[in-house]
Amino acid sequence: MQTSPLASSGTFLVALISLSTHVEAFVLSSQAHHYRHHNRCSSSLSSTKSPPIINEEVSCLNNYPSIPSDLEGCFTDREWEQRCSLAVSYRIAYLHDWHENVFNHITLKVDGSDSEPGGPYFLLNDFGIGFDEITASNLLKVNLDGMIIQQSIPADRREINPGKGRVFKPGYVLHSAIHEARHDVHAIWHGHDLDASALSQTTLGILPLSQEASYVLKKGLSFHPFEGSANDESEQPRLVANLGPTNQFLLLEDHGPIVACPTIEEAFHGMYFLTRACKYQMKSFAAVGGDLSRINIPDDESKDEIMRRIDNFDEAPASAKSTASNTTNCNNKDDVVMHDTSGLMFAYARRSAERVFGKDQIYR
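Residues numbered from 1 in each chain as written. Predicted model: local features only at pLDDT ≥ 70, side-chain atom pairs only at ≥ 80, totals over all residues. Heavy atoms only, no water.

A. The arrangement of unusual backbone geometry in detail. Following Gly 119, the chain continues to Pro 120 via a peptide bond in cis, the omega torsion being 5°. Tracing the backbone through its elements, the reader meets Pro 120 in the loop between strand 2 (105–109) and strand 3 (121–124). Look at Asp 97: it is not a glycine, yet its phi comes out positive at around 65°. Position of Asp 97 among the secondary structure elements: in the loop between helix 3 (77–95) and strand 2. Take Asp 97: its relative accessible area is 29%, and that puts it in the partly exposed class. Of note in the backbone geometry, Asn 104 takes a positive phi value of approximately 75° without being a glycine. Considering the arrangement of structural elements, one finds Asn 104 in the loop between helix 3 and strand 2. On the basis of relative accessible area, Asn 104 is assigned to the buried category, the value being 2%. (Helix = DSSP H or I, 4+ residues; strand = E, 2+ residues; numbered from the N terminus. Buried < 20%, exposed > 50% of the residue type's maximum accessible area, 1.4 Å probe, protein only.)

Written as structure tokens, this is what we have:
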């Protein structure tokens, strides 16, 4: 993965000088204000009622090995499946360079844990273990207070850290706050991608310069001011308030992105599009020396059409719609056949990670 084009000192100086001339006027424009507005809520961007949705994808795009016999008493089958999906997510993040040594976190709420004593619980990485070393069994299960729930996992399954595990406080502070406040969110993905983190240090936010950026804006993008290392629990209410009740993206200013979604597949989809959007934007800035007047920024009329099309991002061609109308379960002419784009994207990334690392090294 390439570093930000602004990392080049020559380009950076040119961009910095030019930005000092152009940024102030741009930020004051109504367009910049519109896209940089805090707590932008995705539900406000579309008022049309969606037609019935028929999803014709295979029911299980992502299947995982059965729980090993020596771990059957440690996890339920469902928790094991979640552990596998989260472990491979860490390997995927490693391959995309969405990590920083032993820092950063991806968390997944344990299904059914809301009703358990002391629940809900979520899974996260053991601090000190790299993303390329995460396995299904060395993930930690913690409550909202950051306390580890012991599960009698065999020591040979935790050879890197055979102890009880370590919880990195900043990871707990960020993730537990969102897991507690947003019941629609089960997966939270946070990383320090270089371009996304660099863009978080600007006042421009993410502009609608690409399909990927439009997806992020449509799903809801908020911003949270930098308060220093996220190890102070008093920051949690402000972070949750800035994320808002429906937004899926939170850009931590001077820090990096958080993606909060109902599923791990959607969280990967969101992080992939967000980081691509940031890379495009950083490269376009460098290409014009920071002169924003030379960047194609859609006007309000174009923006409305761009956002409308995002509503149909997953829709299959009209021929599939006609075919669906002839089936037993899809006999409404207004039915819309939708692809599971998030599931398909994650499945490809999962297969790639399995080829690189080997299934036996991830799902163990």
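B. Just a nonpolar patch on the surface, in detail. Together, Tyr 94, Leu 95 and Val 356 line one region of the surface with nonpolar side chains, adding up to about 250 Å² of accessible area. In this structure, Val 356 sits in helix 11 (residues 341–357). (Patch = residues over 30% accessible without salt bridge, like charges linked within 9 Å, V, L, I, M, F, W, Y side chains within 5 Å. Areas by Shrake-Rupley, 256 points an atom, 1.4 Å probe, with all protein chains shown as cover. Salt bridge = Lys/Arg side-chain N within 4 Å of Asp/Glu carboxyl O.)

C. Highlighting the confidence of the model for the chain. For the chain, per-residue confidence averages 83 on the pLDDT scale, and 79% of positions sit at 70 or higher. Of all the helices and strands in the chain, helix 1 (residues 9–28) carries the lowest mean pLDDT, 39, while strand 5 (residues 187–190) carries the highest, 98. Across residues 1–34 the pLDDT falls below 50, and counting only partners more than four positions away or on other chains, this stretch makes 50 contacts in the model. Below pLDDT 50 for its whole length, residues 37–52 participates in 38 contacts with residues either more than four positions away or in separate chains. (pLDDT = per-residue confidence, 0-100. Contact = heavy atoms within 4.5 Å.)

D. Expanded view of the pairing of strand 3. Residue alternation in strand 3 divides its side chains into two sets, Tyr 121 and Leu 123 and Phe 122 and Leu 124, and both sets are buried. In this sheet, strand 3 lies alongside strand 2 in antiparallel orientation, the contact comprising 2 bridges. Residue pairing in the sheet places Leu 108 in a bridge with Leu 123 of strand 3. (Pairing = 2+ DSSP bridges.)

E. Molecular detail of the pattern of salt bridges. A full pass over the atoms with the stated rule returns 17 salt bridges. Of the charged contacts in the structure, one is a salt bridge between Asp 114 and Lys 109, with a shortest N-O distance of 2.9 Å. Note on Lys 109: relative accessible area 4%, which makes it buried. The residue Glu 354 makes a salt bridge to Arg 350 at a minimum N-O spacing of 3.2 Å. Of this pair, Glu 354 and Arg 350 both sit in helix 11, separated by 4 residues, roughly a single helical turn.

F. Inspection of the sheet that holds strand 5 at higher detail. Read from one edge to the other, the open sheet built from 7 strands follows the order 4-3-2-5-8-7-6, with strand pairing classed as mixed. The two strands at the open ends of the sheet, each matched to only one other strand, are strand 4 (140–143) and strand 6 (221–224). Geometrically, the sheet is characterised by an average inter-axis angle of 20° between neighbouring strands, direction not taken into account. As judged from the 4 bridges shared by strand 2 and strand 5, these two strands associate in the antiparallel manner. Note that in strand 5 the partner of Leu 108 across the bridge is Ala 187. Running over the sheet, helix 3 touches strand 2, strand 3, strand 4 and strand 5 and is turned about 160° from strand 2. (Axes fitted to C-alpha atoms, helices over the stretch in contact; angles between N-to-C directions.)

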